[in-house]
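# Secondary and tertiary structure notes
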Amino acid sequence: MNHRVTVDLGERSYDVRIGAGVRGELPSELSALGGPTQVAVVTSPHLRELYGDDVAARLRDAGHGAWVAEMPDGEEHKTLDTAAGLYDQFIQRRMERSSLVVALGGGVVGDVAGFVAATYMRGVRFVQMPTTLISQVDSSVGGKTAVDHPMGKNLIGAFHQPQLVLIDIATLKSLPDRQLRAGLAEVLRYAVIQSPPLFSLMEGRVAEILARDEDTLAEIVHHSVAIKARIVEQDETEAGLRGTLNYGHTFGHAVEAVAGYARFLHGEAVAIGMVCAAEMAAARGMVDRDFCERQRAVLSAAGLPTNCPDDIGASDVVEAMKLDKKVKGGRVRFIVPTEIGSVEIRDDFSDAEAIAAMEAATA
Ligand code: GLY
């Protein structure tokens, strides 16, 4: 089943279309966005073979001047160097201000291609076509674009909203299991911050999700995107509410940093982070134990880690949190649950409470 969500940002509003096979509708969607144009389809060599050449050929058949711009995939390539490689290709191909960028890939391709679209000739239009669950439910919607700096992730970036997001559920068929599971952590994150119905859906239908039933996947992506759209509409540049999307990420990013980025996928670290944040809230009586157990049960059924390995030191994780972008005025901000569907942003937790929560979540 197909779904459509509109992100209402006045003149910069756009649609997110979700369904199996929607990538075939890119040519007509682009024609609706302003007629034939020159299109760079930015993708990785692997995805070029799977989908990229086909997407470009269909655009050419419809009268657009489409070509494929390759970039290497993987967090280690989310750099200014990779962006520079794309600028070179765009200049050689004489991309103009009226040209359009299609970001076809996971979060790294989307963030880098989006950053290049935000900065090439002071900004050209772009379309997100995310191919991983994590990018479909999160980074492709909301206009955050960035590259990493050796001192930290996403430190160089821009807000640049896409013109359209096309989420082809069929691309999840080619996603490795571990990455699908990691994406489910971000889906459960939406459920905890805003949506008891999505939480129940995850509790009741995890088997269909893991079996990649397309309608169920489309449903959880639709729920997630609708929540993200409403949050971005109210707080595009993360002055407040958008920060609630960081549930599980304060602990999660720090666990990733301490463990080394190769050890956990982002979603796996977020799953551990969600367990820690819930333990911290439960220790203060802000949320009940039943919440902690239900959250752990869904994460575990989805095949995600719910314990922090004991070789990762709790005090190292707490120190790493202090280097995060989410620190404001020297205080670490935590997103803590109060019940399913509701969280608070708090900066009054002590190091000792964070360490105790990590210990409660340690294997
Ligand atoms: N990934 C969090 C956000 O887009 O704000």
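For the structure itself, consult the block above.
What counts as what
Residues numbered from 1 in each chain as written. Predicted model: local features only at pLDDT ≥ 70, side-chain atom pairs only at ≥ 80, totals over all residues. Heavy atoms only, no water. Helix = DSSP H or I, 4+ residues; strand = E, 2+ residues; numbered from the N terminus. Rg over C-alpha atoms; globule rule 2.2 N^0.38 Å. Buried < 20%, exposed > 50% of the residue type's maximum accessible area, 1.4 Å probe, protein only. Contact = heavy atoms within 4.5 Å. Areas by Shrake-Rupley, 256 points an atom, 1.4 Å probe, with all protein chains shown as cover. Lys, Arg positive; Asp, Glu negative; His and termini not counted. Charge placed at Lys NZ, Arg CZ, Asp CG, Glu CD. Near = heavy atom within 4 Å. Polar contact = N/O pair within 3.5 Å; in protein donor to acceptor, adjacent residues only side chain to side chain. Axes fitted to C-alpha atoms, helices over the stretch in contact; angles between N-to-C directions. Parallel < 35°, antiparallel > 145°, perpendicular 65-115°, else oblique. Left-handed = near helix turned anticlockwise from the far one by under 90°. Nonpolar A, V, L, I, M, F, W, Y, C, P; charged D, E, K, R; others polar. Salt bridge = Lys/Arg side-chain N within 4 Å of Asp/Glu carboxyl O.

## What to know about the overall build of the chain
- Per the secondary structure count, the chain includes 14 helices and 11 strands.
- Radius of gyration (C-alpha) of the chain: 20 Å, near the 21 Å computed for a compact globule of 363 residues.
- Taken over 363 residues, the chain has a buried fraction of 54%.
- For the chain, contacts bridging at least 24 residues in sequence account for 74% of all contacts bridging at least 6.
- A total accessible area of about 14300 Å² is found for the chain, and carbon and sulfur atoms account for 50% of it.
- When the 36 basic and 50 acidic side-chain charges of the chain are each reduced to a single mean position, those positions are 4 Å apart.

## Focus: the site of the ligand
- Taken together, Asp 138, Lys 144, Lys 228, Glu 238, Arg 242 and Leu 245 make up the full set of residues adjacent to the ligand.
- At 2.6 Å, a side-chain N or O of Lys 228 approaches an oxygen atom of the ligand.
- Within the side chain of Arg 242, one N or O atom sits 2.6 Å away from an oxygen atom of the ligand.
- When the ligand sits alone it has 200 Å² of accessible area, and the protein chains cover 85% of it.

## Re the packing of helix H7 (residues 196-204) against helix H12 (residues 289-301)
- Running from N to C, H7 and H12 cross one another at 50 degrees; their axes reach a closest spacing of 9 Å. Considering their axes alone, H7 and H12 lie oblique with respect to each other. For the pair H7 and H12, the crossing hand works out as left-handed. Contacts between H7 and H12 involve Phe 199, Met 202 and Glu 203 from the first element and Arg 294, Gln 295 and Val 298 from the second.
- Class assignment for the residues of the contact of H7 with H12 results in three nonpolar, one polar and two charged.

## Quick word on the pattern of salt bridges
- All chains considered together, the criterion is met by 31 salt bridges.
- Note that Glu 353 and Arg 284 form a salt bridge whose closest N and O atoms lie 2.7 Å from each other. Of this pair, Glu 353 sits in helix H14 (residues 351-360) while Arg 284 sits in the loop between helix H11 (266-283) and H12; the two residues are 69 residues apart in sequence, bridging distant segments of the chain.
- One salt bridge connects Arg 289 with Glu 293, and the closest N-O pair in it is separated by 3.1 Å. Residue Arg 289 and its partner Glu 293 are both found in helix H12; the two are separated by four residues, about one turn of the helix.

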